[in-house]
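Structural characterization, general
For reference, the chains in residue letters:
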Protein chains: 2
Amino acid sequence: MKLKVGVSNRHIHLKQSDLDILFGYDLTKKNRLNQPGQFATNEVLTIKTAKSEINNVRVLGPVRDYTQIEISQTDAYKLGLNPPVRSSGHLEDSEVVTLIGPHGSITTNGCIIADRHIHVTYVDKEKYHLPDKVMVKIVGKKPGIIEVNIKPSEEAFFEMHLDTDDANAFLLKNGDEVEILDF
Amino acid sequence: MKLKVGVSNRHIHLKQSDLDILFGYDLTKKNRLNQPGQFATNEVLTIKTAKSEINNVRVLGPVRDYTQIEISQTDAYKLGLNPPVRSSGHLEDSEVVTLIGPHGSITTNGCIIADRHIHVTYVDKEKYHLPDKVMVKIVGKKPGIIEVNIKPSEEAFFEMHLDTDDANAFLLKNGDEVEILDF
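Okay, so let's go over this structure. (Residues numbered from 1 in each chain as written. Chains lettered and ligands numbered in written order. Predicted model: local features only at pLDDT ≥ 70, side-chain atom pairs only at ≥ 80, totals over all residues. Heavy atoms only, no water.)

**Examining the pairing of strand β5 (residues 53-64) of chain B**
Residues and elements named next belong to chain B. Bridge count for strand β2 (residues 11-15) against β5 is four bridges, and the pairing is parallel. Among the inter-strand pairings, H13 is bridged to a residue of β5, identified as L60. Pairing of strand β4 (residues 39-48) with β5, which is carried by six bridges, proceeds in the antiparallel orientation. Residue pairing in the sheet places K48 in a bridge with E53 of β5. Between β4 and β5, which follow one another and run antiparallel, lie four residues. (Pairing = 2+ DSSP bridges. Helix = DSSP H or I, 4+ residues; strand = E, 2+ residues; numbered from the N terminus.)

Right, here's the structure in full:
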């Protein structure tokens, strides 16, 4: 089964109360993302830690019930953090960072390394008998096979989300095609 | 078959004539590396391109017959380069960068993304019937299997060299253990 790759650069999801502090206005849409209802915003934040900081980190919309900061292991070394690998919303033992916006700043937990995942509808997961994890084959100059979680939802665009470490390790770009191995 | 991981951060090998221009003195040893005769030096350079630059890039010794700049795909994006994935010394179509040292600067080709490789002696390659490429299994929170070249030499410390993109994608650190799958 073939599918496309979506590469996720570091980004931030915000809950309303944190958005109010950081920006003091609602998120403004920059462009739509492949996942239904999701969009990149014009808003960016600085992630700051005791060791370092990273500027211009994109906020994704819409607002969520939780604030979540998704970084790569490369970012984590730069920031001096040891975030857990997690699915969205599973923020127990996540790392604490300071977010600095134009209107204010907050110090919050919620910093994770996002797990590799494939977006699929509940209907398609059942239809194709997809298990909770699959092995995905990547071809090219640096080939390999990676374990990826299946992440079903009511509405979904069928694609695999990787962070920049995974994408760069395998020389993958947005829209590249990969293959789910027989399971 | 188990073996250890060695993570290679971006680094530079120099030929004597380039060393003379950049530093004007001989390389000074900082610490030994696992591969026989190889060492990290106290010398660092800036890699500069039209788009950006990276400072404090370590020079490894001893001097070689060619100057070679090994970076990751993450670095390549930052520098605006598209280097080929290559074994050491195979520098046809490699990228051109400017190296800036304390004594002078040069603009040279030789910038590559190093291939994933396993150092082994010729004797052990034959003894264990190792093919030219093997699949290596990585366990942990982000597991997978990667294709890795076997790189035999007269003297070698048996270990797998990965760049920081590969290491960070699989959350691997120096000295972690991985397994060569049956071939």
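**Brief notes about the side chain of H11 of chain A**
Residues and elements named next belong to chain A. Turning to its location among the elements, H11 is positioned in strand β2 (residues 11-15). Within polar-contact distance, the side chain of H11 engages the backbone oxygen of N9 at 2.9 Å. Setting aside anything within four residues of it in sequence, one finds H11 in contact with V57, R58, L60, Q68, I69 and E70. (Polar contact = N/O pair within 3.5 Å; in protein donor to acceptor, adjacent residues only side chain to side chain. Contact = heavy atoms within 4.5 Å.)

**What about the interface of chain A and chain B?**
Interface extent is often summarised as the accessible area lost during association of the parts. Across the contact, 22 residues belong to chain A and 22 residues belong to chain B. Interface area, chain A with chain B, both sides summed: about 1900 Å², of which 58% is carbon and sulfur. Across the chain A-chain B interface, the total number found is four salt bridges. One salt bridge connects D166 of chain A with K142 of chain B, and the closest N-O pair in it is separated by 3.0 Å. Viewed at the interface, chain B and chain A are joined by 13 residue pairs in polar contact (both at pLDDT 80 or more). Elements that contribute at least two residues to the side of chain A that touches chain B include exactly α2 (73-79), β12 (144-153) and α4 (164-169) of chain A. Sheet topology note: the β12 of chain A/strand β12 (residues 144-153) of chain B ladder contains three bridges and is antiparallel. Paired with I145 of chain A across the bridge in β12 of chain B is I145 of chain B. (Buried area = accessible area lost by both parts, 1.4 Å probe. Salt bridge = Lys/Arg side-chain N within 4 Å of Asp/Glu carboxyl O.)

**What about the packing of aromatic side chains?**
In total, this model carries three aromatic pairs over all chains according to the counting rule given. When the centroid spacing of 6.0 Å and the interplanar angle of 70 degrees are considered together, the rings of F170 of chain A and F170 of chain B count as edge-to-face. Note that F170 of chain A is positioned in the loop between α4 and β14 (177-180) and F170 of chain B in the loop between α4 (164-169) and β14 (177-180), a pairing that runs across two chains. For the pair formed by F170 of chain A and F170 of chain B, the shared burial category is buried. Between K29 of chain A and the ring centre of F39 of chain A, over which it is positioned, the NZ or CZ distance is 5.1 Å. (Phe/Tyr/Trp six-rings, centres within 6.5 Å; stacked < 30°, edge-to-face > 60°. Buried < 20%, exposed > 50% of the residue type's maximum accessible area, 1.4 Å probe, protein only. Lys NZ or Arg CZ within 6 Å of the ring centre and 35° of its normal.)

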